[in-house]
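Listed below, chain by chain, are the residues.
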Amino acid sequence: DSGVTQTPKHLITATGQRVTLRCSPRSGDLSVYWYQQSLDQGLQFLIQYYNGEERAKGNILERFSAQQFPDLHSELNLSSLELGDSALYFCASSAGGTSVLVGDTQYFGPGTRLTVL
Amino acid sequence: AQSVTQLDSQVPVFEEAPVELRCNYSSSVSVYLFWYVQYPNQGLQLLLKYLSGSTLVKGINGFEAEFNKSQTSFHLRKPSVHISDTAEYFCAVTGSAGGTSYGKLTFGQGTILTVHP
């Protein structure tokens, strides 16, 4: 158990809909990362938050957005869903101290499997 | 930009045999390398990481990896595998090249290790 929790575990929805994935980081971790794992694209970094602020963006679509709340949990919002958005979405967290952001161990949650029909 | 290439998509091996999973990365001014393991229907777990210092890194479950800067490689090895090592293994890189990368991981495509009795 990494200490990172993600809800829900599975999500089935239809094209055009909007969903919210939730992540609670390990106690004390300030950084939260979102990754997407799909068969054709592999594991891809989406976005990172550190202590409530966006820090880095990867291959995140404009239809996707995220935020980190004062209690440090994070939500990933996916809208206007398409069939190709079906994937496993992982959240990871790290301590994220300002001097050791690079090289920090990232602890991964169990993922949310999104199926768009 | 950084990239990772895992040279084998699948590696079958018999129990108690040695195994090597190969990983090459694109060079950067400073690079940090990781190996993660993903068991079926689970999140990713860190096996080991190289940040600096000794090029031979030991990790959990008897795995080790060697950082080779001239070959831009970070191969993962285990002298004797068990059935329970059957999983998908991911090599990942992070780092900076003058700027700040804030720790986002760039993953390889993964290598499925299957250990046969």
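Description of the structure in this document.

About the criteria used
Residues numbered from 1 in each chain as written. Chains lettered and ligands numbered in written order. Predicted model: local features only at pLDDT ≥ 70, side-chain atom pairs only at ≥ 80, totals over all residues. Heavy atoms only, no water. Pairing = 2+ DSSP bridges. Helix = DSSP H or I, 4+ residues; strand = E, 2+ residues; numbered from the N terminus. Contact = heavy atoms within 4.5 Å. Buried area = accessible area lost by both parts, 1.4 Å probe. Salt bridge = Lys/Arg side-chain N within 4 Å of Asp/Glu carboxyl O. Polar contact = N/O pair within 3.5 Å; in protein donor to acceptor, adjacent residues only side chain to side chain. Disulfide = S-S within 2.5 Å. Buried < 20%, exposed > 50% of the residue type's maximum accessible area, 1.4 Å probe, protein only.

Description of the pairing of strand β6 (residues 53–57) of chain A
Residues and elements named next belong to chain A.
No. 1: In terms of strand pairing, strand β5 (residues 42–50) meets β6 through 4 bridges, oriented antiparallel. By the bridge assignment, I47 is partnered in β6 with K57.
No. 2: Between β5 and the antiparallel strand that follows it, β6, lie 2 residues; N51 among them carries a positive phi value of about 50 degrees.

Re the interface of chain B and chain A
No. 1: Opposite the 20 residues of chain B that make contact, chain A presents 21 residues.
No. 2: Where chain B abuts chain A, roughly 1700 Å² becomes buried across the two surfaces, and 59% of that area is made up of carbon and sulfur atoms.
No. 3: In this assembly, chain B and chain A are joined by 0 salt bridges.
No. 4: Viewed at the interface, chain A and chain B are joined by 4 residue pairs in polar contact (both at pLDDT 80 or more).
No. 5: Every element with two or more residues in the side of chain B that touches chain A is listed here: β5 (30–38), β6 (44–50) and β10 (87–96) of chain B.
No. 6: Top element by residues in the side of chain B that touches chain A is β5(B). It accounts for 4 residues.

Considering the state of the cysteines
All names here are of chain A.
No. 1: Counted according to the given criterion, the structure contains 2 disulfides over all chains.
No. 2: Here C23 pairs with C91 through a disulfide, and the sulfurs are 1.8 Å apart. On the S-S bond that ties C23 to C91, the torsion sits near -50 degrees, and the link is left-handed. Here the residue C23 occupies a position in strand β3 (residues 19–24), and C91 occupies one in strand β9 (residues 87–94), the gap between them amounting to 68 residues.
No. 3: Residue C23 is classed as buried on the basis of its relative accessible area, which comes to 0%.
No. 4: Under the relative-accessibility criterion, C91 is labelled buried at 0%.

Notes on the pattern of salt bridges
No. 1: Scanning the model with the defined rule gives 8 salt bridges over all chains in all.
No. 2: Measuring nitrogen to oxygen at the nearest pair gives 2.9 Å for the salt bridge that ties A:D29 to A:R26.
No. 3: Note that B:E64 is salt-bridged to B:K58, the shortest N-O span being 2.8 Å.
No. 4: Assessed through its relative accessible area of 22%, B:E64 is described here as partly exposed.
No. 5: A residue is classified by how much of its surface remains accessible, and B:K58, at 60% relative accessible area, is exposed.
No. 6: In the salt-bridge network here, residues are joined through shared partners; they are A:R63, A:E82 and A:D85.

What about the side chain of A:Q37?
No. 1: Checked against the element boundaries, A:Q37 lands in strand β4 (residues 31–38).
No. 2: A:Q37 gets classed as buried once you look at its relative accessible area, which sits at 14%.
No. 3: Within the structure, the side chain of A:Q37 is placed 3.1 Å from the side chain of B:Q38, a separation counted as a polar contact.
No. 4: Those residues within four positions of A:Q37 in sequence are excluded, and the remaining contacts are A:G42, A:L43, A:A87, A:L88, A:F90, B:Q38 and B:F90.

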